Amino acid sequence: MRYGLLDAPALSRAAAPAHVLRLLGAGGAFSRRYGTTCAELRLPNGERWLIDCGRQAPDQIAAAGLRWHDITGQIITHVHGDHVFGLEDFAFTRYFTDTDDVPSVRSGGPRIKLVCHGAVRAEVWQTMAPSLRYVPDPAAPASGTLATYFDPVEAVGHEPARNNPWHHSERFELPGLRVVMRETVHVPGKPSTSVELALDDAGTIAWWSGDSTVDAALLTALEPRTTVFFHDCTFREYPGQVHGAFGALEQLPAAVRHKMVLMHHEDDLEQHRSRAEALGFRVALPGDCFDLARGLLLTGPSA
Ligand SMILES: [Zn+2]
Ligand SMILES: [Zn+2]
């Protein structure tokens, strides 16, 4: 099965894609070539959100022609530097800087909506508190909280704990955005979640692994109602694997592989690319832009 750029006449005849995802970074934690994880999600209501905000995100945002003030909200899968170390830049810029169209938070502008599992949220604040708690208020110099900068969205439902003390999944519903953040097996004992993004009212989703080992049973169960899977991938086998090992991904049913985009890969991607593509996987490069409803690559270096 081949996926490619939709030809221009087809695009102009088609309605504008409702959910569009652009990978600003497509590389793994230590990638120097493909950039750390950050994806721009454009919603049907016109809002722009980010999925994760890694250490290179401030430069990725600028290079993509975006401003932090263009972003309505932030989804965080888990707290590792390659997923969250751009958040301080995001928070401080929005807190202090006014633009022509969006006031700073301290001038009454909108805070950044934040969607993440409660267990992850606690760690987001743990990692940011040493800088963000200091607000320029002489009467209360260390009074900043997560809610000073962000508008944390509360879950509207959850599944009970399974293997860890926290909820197995939490569900969030906002106007224009409905997601389930489901725990993954990443680093043992660490809160880490995938994203199930609702695309319609019929249960159709686009799936984003965050960082996860391969859960073949889950992926296979989700496949009939999933348009596209974005899975972190490593071609390096090592004891105590914490990512989507290619050796496990290649065992997935063809129906899953053909909907899967490999991301969060290392800089040796090209050595393995033809093997992955022969099995029906697509490989993400920074700048690749997907129509999520159809699971199709629209534009970008891979088109
Ligand atoms: Zn990562
Ligand atoms: Zn991680």
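Described in the following lines is the structure provided in the data block.

What counts and how
- Residues numbered from 1 in each chain as written.
- Chains lettered and ligands numbered in written order.
- Predicted model: local features only at pLDDT ≥ 70, side-chain atom pairs only at ≥ 80, totals over all residues.
- Heavy atoms only, no water.
- Helix = DSSP H or I, 4+ residues; strand = E, 2+ residues; numbered from the N terminus.
- Rg over C-alpha atoms; globule rule 2.2 N^0.38 Å.
- Buried < 20%, exposed > 50% of the residue type's maximum accessible area, 1.4 Å probe, protein only.
- Contact = heavy atoms within 4.5 Å.
- Areas by Shrake-Rupley, 256 points an atom, 1.4 Å probe, with all protein chains shown as cover.
- Lys, Arg positive; Asp, Glu negative; His and termini not counted.
- Charge placed at Lys NZ, Arg CZ, Asp CG, Glu CD.
- Donors = N, O, S within 2.8 Å, 3.2 Å for Na, K, Ca; no water.
- Tetrahedral: all angles 85-135°; square planar, octahedral: opposite > 155°, others 65-115°.
- Bend = angle between axes of the 7 residues up to and from the residue.
- Phe/Tyr/Trp six-rings, centres within 6.5 Å; stacked < 30°, edge-to-face > 60°.

1. Notes on the overall build of the protein chain
Then, number 1: Helix and strand counts for the protein chain stand at 10 helices and 16 strands.
Then, number 2: By the compact-globule yardstick of 19 Å for 303 residues, the protein chain fits well, its C-alpha radius of gyration being 19 Å.
Then, number 3: If one aligns the C-alpha atoms of the protein chain with their principal axes, the spans along those axes are about 65 × 50 × 40 Å.
Then, number 4: Looking at the protein chain as a whole, 53% of its 303 residues are labelled buried.
Then, number 5: Excluding contacts between residues fewer than 6 apart, the proportion of contacts in the protein chain whose partners are at least 24 apart in sequence is 54%.
Then, number 6: In the structure as shown, the protein chain presents an accessible area of about 12800 Å², 54% of it carried by carbon and sulfur atoms.
Then, number 7: Between the centroid of the 28 positive side chains of the protein chain and the centroid of its 36 negative side chains there is a distance of 2 Å.

2. A few points about the coordination of the zinc ion (ligand 1)
Then, number 1: In this structure, Asp82 (OD), His83 (NE2), Asp211 (OD) and His264 (NE2) serve as the protein donors to the zinc ion (ligand 1), at separations of 2.1 to 2.2 Å.
Then, number 2: The site at the zinc ion (ligand 1) holds 4 donor atoms, and with the angles between them running 87 to 162 degrees, its shape is irregular.
Then, number 3: Between the donor residues of the zinc ion (ligand 1), the gaps in sequence give the motif D-H-x127-D-x52-H.
Then, number 4: Here the zinc ion (ligand 1) and the zinc ion (ligand 2) are spaced 3.6 Å apart, and both take Asp211 as a donor.

3. Structural notes on the coordination of the zinc ion (ligand 2)
Then, number 1: Note on the zinc ion (ligand 2): its protein donors are His78 (NE2), His80 (ND1), His186 (NE2) and Asp211 (OD). The metal-donor distances range over 2.1 to 2.3 Å.
Then, number 2: With 4 donor atoms in place around the zinc ion (ligand 2) and angles of 91 to 159 degrees between them, the coordination shape is irregular.
Then, number 3: Sequence positions of the donors to the zinc ion (ligand 2) reduce to the motif H-x1-H-x105-H-x24-D.

4. Describing helix α5 (residues 118-132)
Then, number 1: Along α5, the sharpest kink reaches roughly 30 degrees, centred on Gln126 and followed within four residues by the proline Pro130.
Then, number 2: Regarding α5, the residues found buried are Ala119, Val120, Val124, Met128, Ala129 and Leu132.
Then, number 3: On its buried face, α5 is in contact with α4 (87-96), α6 (146-149), β6 (150-152) and β10 (193-198).

5. Focus on unusual backbone geometry
Then, number 1: One non-glycine residue, Asp52, lies in the positive phi region at around 60 degrees.
Then, number 2: Looking at the secondary structure, you find Asp52 in the loop between β3 (48-51) and α2 (57-63).
Then, number 3: Positive phi, close to 50 degrees, is recorded for His264, a residue that is not glycine.
Then, number 4: Tracing the sequence through the fold places His264 in the loop between β13 (260-263) and α10 (269-278).

6. Examining the packing of aromatic side chains
Then, number 1: Following the criterion strictly, the structure yields 10 aromatic pairs and no others.
Then, number 2: Taking the centre distance of 5.8 Å and the plane angle of 65 degrees together, the rings of Trp207 and Phe229 count as edge-to-face. Here Phe229 lies in strand β12 (residues 226-232) and Trp207 lies in strand β11 (residues 205-208), a separation of 22 residues in the sequence.
Then, number 3: On the basis of relative accessibility, which here comes to 0%, the residue Phe229 falls in the buried class.
Then, number 4: An aromatic cluster of three or more residues is present, and its members are Phe92, Tyr95, Phe96 and Tyr149.

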